[in-house]
Amino acid sequence: MLPSLTLIILFQLAGTFVQQHFNSPIPGAVIGMILFFLYLCLAGGSNEKLQETGSRLLKHLPLLFIPAGVGILVYTEELRTQGIAIVASLTLGSLIAFVITLLIFKKLTAIQNTTRAHND
Amino acid sequence: MTELIPTAYSELLTSPVFCIPLTLAAYLIGVKVYSLSGKNTFLQPVVSGIILVMLAISILDIPYERYFKGAEIIHFLLSTATVALAIPLYQNLHYIRATFRPLLLTLLMSGIIACFSAVAIAWLLGASAEIMLSLAPKSITTPFAMGVAESIGGYPPLTAGFVIFTGIVIAVCATPIFKWLKIDDPIIQGASMGMIGHGIATARALELSSKTGAFSALSMGLMGVYTSIFLPYIVRLLK
């Protein structure tokens, strides 16, 4: 477990370093994830220990949101004054985006299927 | 309420020795409540966990900044777990071969639509710039979304809440919408759930079928990476 965890944290460090060095707006952890992903591609996949460590870290992912999430306390004023805009944006906006995504994917799949049938 | 707790203990209450078990206990109670409710989508463990910690620190009169400092190691591990997301993404990637072009093209458009629809509605209803920036990454999984919110000048804690809310909306409404639009392909269903409703909708997708779940997990990962890359640059351009 410890060597795998060290490897993952080293990619976290690499991501943070790249982010700061290039003053990138992409979060350091995301850059670290992309670098780690490239490593997995080059290494031809992850070994059992790496998978086990990864799934242990991710199993309780929601726990890791709590310290930051409690920070909502600091923004009660914004939530009170802009609550309607926020709830409308999240419900309506997400449903609209969901329906459009479904329709685009359905259309594109149909196009792919007809071209395939055509080529056959 | 300071008289409730002798000042001698205030040091202890803001130290990791107290803040870490407080967070763990709140989460474990959240997990218990979730499983006792038969995995009710509205009772996500993280929601109960956050509410319980909020209650505890309000009663004990601990300022949020001092609680966060005490529980910082847990927050640090969030970045570590984000890096570890590469493992399931790599494992799910082979699913993409079945539907490479439609999936990627949909992803490219969906990422922009998800941000734009949320920001446009908030703007119409007079939300502030910071709130709009906190809303923009709401369709990507929390670790990515909070990083993006911080990078573009939103409020990461609010974004965390917005992401969870979005996931619940999609998890609850997905099956009625599939019936309404007459969409029964598990690939289309799963991919759309993952793209807009991230991890919470993925948990729901897994209940529909393992294929739906796999496509949801893959799309969630791709959407997270894609949005984390394009959104900060778009915001930087507009500023």
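What counts and what doesn't
- Residues numbered from 1 in each chain as written.
- Chains lettered and ligands numbered in written order.
- Predicted model: local features only at pLDDT ≥ 70, side-chain atom pairs only at ≥ 80, totals over all residues.
- Heavy atoms only, no water.
- Helix = DSSP H or I, 4+ residues; strand = E, 2+ residues; numbered from the N terminus.
- Rg over C-alpha atoms; globule rule 2.2 N^0.38 Å.
- Core = buried A, V, L, I, M, F, W, Y, C linked by side-chain atoms within 4.5 Å.
- Buried < 20%, exposed > 50% of the residue type's maximum accessible area, 1.4 Å probe, protein only.
- Contact = heavy atoms within 4.5 Å.
- 1 Å grid on protein atoms, 1.4 Å probe; cavity = no way out; pocket = protein on both sides within 12 Å on 5 of 7 lines; lining within 4 Å.
- Points joined across faces, edges and corners; volume = space filled by probe spheres on them.
- Nonpolar A, V, L, I, M, F, W, Y, C, P; charged D, E, K, R; others polar.
- Buried area = accessible area lost by both parts, 1.4 Å probe.
- Salt bridge = Lys/Arg side-chain N within 4 Å of Asp/Glu carboxyl O.
- Patch = residues over 30% accessible without salt bridge, like charges linked within 9 Å, V, L, I, M, F, W, Y side chains within 5 Å.
- Areas by Shrake-Rupley, 256 points an atom, 1.4 Å probe, with all protein chains shown as cover.
- Axes fitted to C-alpha atoms, helices over the stretch in contact; angles between N-to-C directions.
- Parallel < 35°, antiparallel > 145°, perpendicular 65-115°, else oblique.
- Left-handed = near helix turned anticlockwise from the far one by under 90°.
- Disulfide = S-S within 2.5 Å.
- pLDDT = per-residue confidence, 0-100.

Asker: So, the overall build of chain B: which residues are in play, and what are the values?
Answerer: Helix and strand content of chain B: 12 helices and zero strands. Traced from its N-terminal end to its C-terminal end, chain B shows the element sequence α-α-α-α-α-α-α-α-α-α-α-α. The C-alpha atoms of chain B give 19 Å as radius of gyration, which agrees with the globular expectation for 239 residues (18 Å, within 12%). Counting only C-alpha atoms and orienting by the principal axes, one finds that chain B spans roughly 65 × 45 × 35 Å.

Asker: Please set out the nonpolar core residue by residue, giving values where relevant.
Answerer: Core analysis: the biggest nonpolar cluster contains 108 residues, and Phe36(A), Ile66(A), Val70(A), Phe98(A) and Tyr67(B) have the highest contact counts within it. Looking at which element gives the most residues to this core, the answer is helix H10 (residues 156-181) of chain B, with 12 residues. Those residues in contact with Val70(A), other than ones at most four positions away along the chain, are Ile50(B), Val53(B), Met54(B), Ile57(B), Tyr64(B) and Tyr67(B).

Asker: A description of the layout of surface pockets should follow, citing residues and the corresponding values.
Answerer: Here the largest pocket is characterised by a volume of approximately 1,200 Å³. Forming the walls of the largest pocket are 39 residues, and the residues nearest its centre are Leu58(A), Lys59(A), Pro62(A), Gly199(B) and Ala203(B). At eight residues, helix H11 (residues 186-208) of chain B tops the list of elements feeding residues into the lining of the largest pocket. Split by residue class, the lining of the largest pocket holds 22 nonpolar, 13 polar and four charged.

Asker: So what's going on with the interface of chain B and chain A? Which residues, and what values?
Answerer: A common way to state how big an interface is: give the accessible area lost once the parts meet. Residue-level contacts link 91 residues of chain B with 74 residues of chain A. At the boundary of chain B with chain A, total buried surface from both sides reaches about 7,300 Å², with 83% on carbon and sulfur atoms. When the buried area of chain B at its contact with chain A is split by residue, Tyr27(B), Val83(B) and Tyr90(B) rank highest and sum to 9% of it. Our enumeration of links across chain B and chain A arrives at zero salt bridges.

Asker: Lay out a nonpolar patch on the surface with the relevant residues and their values.
Answerer: All names here are of chain B. A cluster of nonpolar side chains, namely Ile-29, Val-33, Phe-42, Leu-43, Ile-51, Leu-52, Leu-55, Ile-59 and Val-172, defines an oily patch on the protein surface of about 730 Å² accessible area. Of all elements in the fold, only helix H2 (16-36) and helix H3 (45-59) reach the threshold of two or more residues within the nonpolar patch. With four residues, the single largest contributor to the nonpolar patch is H3.

Asker: So what's going on with unusual backbone geometry? Residues and values would help.
Answerer: Backbone geometry at Lys182(B) places phi at a positive 55°, although glycine is not the residue there. Mapped onto the elements, Lys182(B) comes out in the loop between H10 and H11.

Asker: Can you tell me about the side chain of Thr159(B), naming the residues and giving the values?
Answerer: Residue and element names in this part refer to chain B. In this structure, Thr-159 sits in helix H10. A relative accessible area of 0% means that Thr-159 is categorised as buried. Those residues in contact with Thr-159 that sit more than four places away from it in its chain are Ser-134, Pro-137, Ala-145, Met-146 and Ala-149.

Asker: Break down empty space enclosed by the protein for me, citing the residues and quoting the values.
Answerer: Residue and element names in this part refer to chain B. Enumeration according to the criterion identifies one cavity of 30 Å³ or more in this entry. Top contributing element to the lining of the largest cavity by residue count: helix H7 (residues 100-124), with three residues. The residue inventory of the lining of the largest cavity, partitioned by class, reads six nonpolar, three polar and one charged.

Asker: Lay out the pattern of salt bridges with the relevant residues and their values.
Answerer: Residues and elements named next belong to chain A. On inspection of all chains with the given rule, the structure shows four salt bridges over all chains. With its nearest N and O atoms 3.0 Å apart, the salt bridge here joins Glu-52 to Arg-56. Of this pair, Glu-52 and Arg-56 both sit in helix H3 (residues 48-59), four residues apart, which is roughly one turn of the helix. Since its relative accessible area comes to 42%, Glu-52 is described here as partly exposed. The salt bridge involving Glu-77 is made with Arg-80; its shortest N-O contact spans 3.0 Å.

Asker: So what's going on with the packing of helix H1 (residues 2-21) of chain A against H3(A)? Residues and values would help.
Answerer: Residue and element names in this part refer to chain A. Between H1 and H3, the shortest axis-to-axis distance is 9 Å and the interhelical angle comes to 70°. Judged by the inter-axis angle, H1 sits roughly perpendicular to H3. The interaxial crossing formed by H1 with H3 has right-handed handedness. Between H1, through Ser-4, Leu-5, Leu-7 and Ile-8, and H3, the contact on the second element is made entirely by Lys-49, Leu-50, Thr-53 and Leu-57. Of the residues in the contact of H1 with H3, the class split is five nonpolar, two polar and one charged.

Asker: With reference to specific residues and values, describe the state of the cysteines.
Answerer: Evaluation of the coordinates by the stated rule reveals zero disulfides over all chains. Just so you know, Cys115(B) is unpaired, no disulfide at all, and the nearest cysteine sulfur is the one on Cys173(B), 20 Å from it.

Asker: Mind laying out the environment of Leu64(A), listing which residues take part and the relevant values?
Answerer: With respect to the helices and strands, the residue Leu64(A) is situated in helix H4 (residues 61-69). Ignoring any residue separated from it by four or fewer positions in sequence, one finds Leu64(A) in contact with Leu57(A), Ile74(B), His75(B), Leu77(B), Leu78(B) and Ala81(B).

Asker: Outline the confidence of the model for chain B, supporting the account with residue identities and numerical values.
Answerer: In this model, chain B carries a mean pLDDT of 91, and residues with pLDDT of at least 70 account for 97%. In the predicted assembly, ipTM is 0.89 and pTM is 0.88.

Asker: Lay out the packing of H1(A) against helix H5 (residues 72-84) of chain B in plain terms, naming residues and giving numbers.
Answerer: The N-to-C vectors of H1(A) and H5(B) enclose an angle of 95°; their axes lie 9 Å apart at closest approach. Between H1(A) and H5(B), the interaxial angle falls into the category roughly perpendicular. Contacts between H1(A) and H5(B) involve Leu5(A), Ile8(A), Ile9(A), Phe11(A) and Gln12(A) from the former and Phe76(B), Ser79(B), Thr80(B), Val83(B) and Ala84(B) from the latter. Of the residues belonging to the contact of H1(A) with H5(B), the class tally is seven nonpolar, three polar and no charged.

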